[in-house]
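A look at the structure
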Amino acid sequence: MRMKEKIAIITGGSDGIGKETALLFGREGATVVIADYDAEKGKEVINQLKKVYIESLFIKTDVRESIQVQEMVEQIVKQYGRIDVLINNAGVAGVVPVTELSEEDWDRVVDTNLKGVFLCCKYAIPYMIKNGGGVIVNMGSVLGFVGRLRASAYNASKAGVIMLTKNMALDYVDFNIRVNAICPGYVETEIVRRYIKGCEEPEKTYRELVNLHPMDRLGRPEEIANGILFLASSESSFMTGSCLVMDGGYSCQ
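In what follows, the accompanying structure is described. (Residues numbered from 1 in each chain as written. Predicted model: local features only at pLDDT ≥ 70, side-chain atom pairs only at ≥ 80, totals over all residues. Heavy atoms only, no water.)

Formed by 31 residues in total, the largest nonpolar core has its most connected members in Met72, Ile76, Ile83, Leu86 and Ile136. Secondary structure elements with two or more residues in this core: β1 (7-11), β2 (31-36), β3 (56-60), α3 (66-80), α4 (103-130), α5 (152-172) and β6 (177-184). Here this core takes 8 residues from α4, the largest share from any one element. The contact partners of leucine 86, leaving out residues within four places of it in the chain, are Ile9, Cys120, Cys121, Ala124, Met128, Val135, Ile136 and Val137. (Core = buried A, V, L, I, M, F, W, Y, C linked by side-chain atoms within 4.5 Å. Buried < 20%, exposed > 50% of the residue type's maximum accessible area, 1.4 Å probe, protein only. Helix = DSSP H or I, 4+ residues; strand = E, 2+ residues; numbered from the N terminus. Contact = heavy atoms within 4.5 Å.)

The structure is reproduced here in structure tokens:
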């Protein structure tokens, strides 16, 4: 029960890593709030949690929109009185080089992956300060450290998340707020599956992605959820401004 009596927000919690994190946090005793734009999938996860008597709430939220994020945070505080844990997991992918990338697609990736982290922290941190502290875990990526062909906007957004994490760790350490990032390699999620399926040779693309990882496989969402739980729990009490890399050896090459 490492999250016992904690109020935890998980953005992008309707699928993939976010969903597994929501289920894991629920089993560990948290009250789980899923903030996601996909209401149908989000409510399915909430139903799974409630079937095993886990207190949970879904709030439809586009993390790119300031007013929606502010209203989401205020609704949680009104209902539960505080915010203990914020997991900034919402994200999108983009596989286009700069010269072929539209401004619209750049904004979609950067606003979701980076601006969304900024907005959620901007509105949640004041309540954490009032409550005496809290924990934030941001979704980085191994692609925040190393380049990847055709991933210009995604590389830039995840590198930004890593540096924003370090900055906020310094800015709010005196308020008993820890801020860390988790940086996975490629994980078997719906986003990755859609990307593979959209390629001309899906099987070849899948094998190419696997070959990037010396462990010769992609990650599993539940593995990354375990890393997020570690960073959100007291087990990582002497960590702030850190990046927990879980990439199957990708970045050590």
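In this section: helix α2 (residues 39-51). For α2, built from 13 residues, the straight-helix expectation of 18 Å at 1.5 Å per residue is met to within 8% by its first-to-last C-alpha distance of 18 Å. Where α2 is concerned, the buried positions are Gly42, Val45, Ile46 and Leu49. The buried residues of α2 occupy one face: seen down the axis, they fall within an arc of 100°. The exposed set on the far side of α2, more than 90 degrees from its buried face, consists of Glu40 and Lys51. Contacts made by the buried residues of α2 are with α1 (16-27), β2 and β3. At the N-terminal boundary of α2, the capping side chain belongs to aspartate 38, with an oxygen 3.3 Å from the backbone nitrogen of glutamate 40. Positive phi appears at tyrosine 53, one or two residues downstream of α2, with a value of about 60°. (Expected span 1.5 Å × (residues − 1). Arc of directions from axis to C-beta. Polar contact = N/O pair within 3.5 Å; in protein donor to acceptor, adjacent residues only side chain to side chain.)

This part covers the pattern of salt bridges. This model, assessed by the stated rule, comprises 11 salt bridges. Here arginine 220 makes a salt bridge to glutamate 222, at a shortest N to O gap of 3.5 Å. When salt bridges that share partners are traced, they join Arg217, Arg220, Glu222 and Glu223 into one network. (Salt bridge = Lys/Arg side-chain N within 4 Å of Asp/Glu carboxyl O.)

All right, on to the packing of aromatic side chains then. We describe a pair of aromatic rings using the distance from one ring centre to the other and the angle between the two ring planes. Under the definition given, this model contains 2 aromatic pairs. Residues tyrosine 172 and phenylalanine 175 carry aromatic rings whose centres are separated by 6.2 Å and whose planes lie at 45° to one another, so their mutual orientation is tilted. Take tyrosine 172: its relative accessible area is 25%, and that puts it in the partly exposed class. Phenylalanine 175 sits in the partly exposed class, given a relative accessible area of 39%. (Phe/Tyr/Trp six-rings, centres within 6.5 Å; stacked < 30°, edge-to-face > 60°.)

It is worth spelling out the packing of helix α6 (residues 190-197) against helix α7 (residues 202-211) at this point. Interaxial distance between α6 and α7 falls to 8 Å at its minimum, and their mutual angle equals 130°. Taken together, α6 and α7 sit at an angle that is classed as oblique. Contact residues: α6 offers Val192, Tyr195, Ile196 and Lys197, while α7 offers Pro202, Thr205, Tyr206 and Leu209. For the contact of α6 with α7, the residue count by class is 6 nonpolar, 1 polar and 1 charged. (Axes fitted to C-alpha atoms, helices over the stretch in contact; angles between N-to-C directions. Parallel < 35°, antiparallel > 145°, perpendicular 65-115°, else oblique. Nonpolar A, V, L, I, M, F, W, Y, C, P; charged D, E, K, R; others polar.)

Attention shifts here to the pairing of strand β4 (residues 85-88). Residues Val85 and Ile87 point to one face of β4 and Leu86 and Asn88 to the other, with burial holding for every one of them. Across 3 bridges, β1 lies against β4 in parallel orientation. Bridging across to β4, alanine 8 finds its partner in valine 85. As defined by bridge partners, β4 adjoins strand β5 (residues 134-139) across 4 bridges and the pair is classed as parallel. Along β5, the bridge assignment pairs valine 85 with valine 135. Traced from β4 through α4 to β5, the parallel crossover comes out right-handed. (Pairing = 2+ DSSP bridges. Right-handed = clockwise from strand over helix to strand, strands pointing away.)

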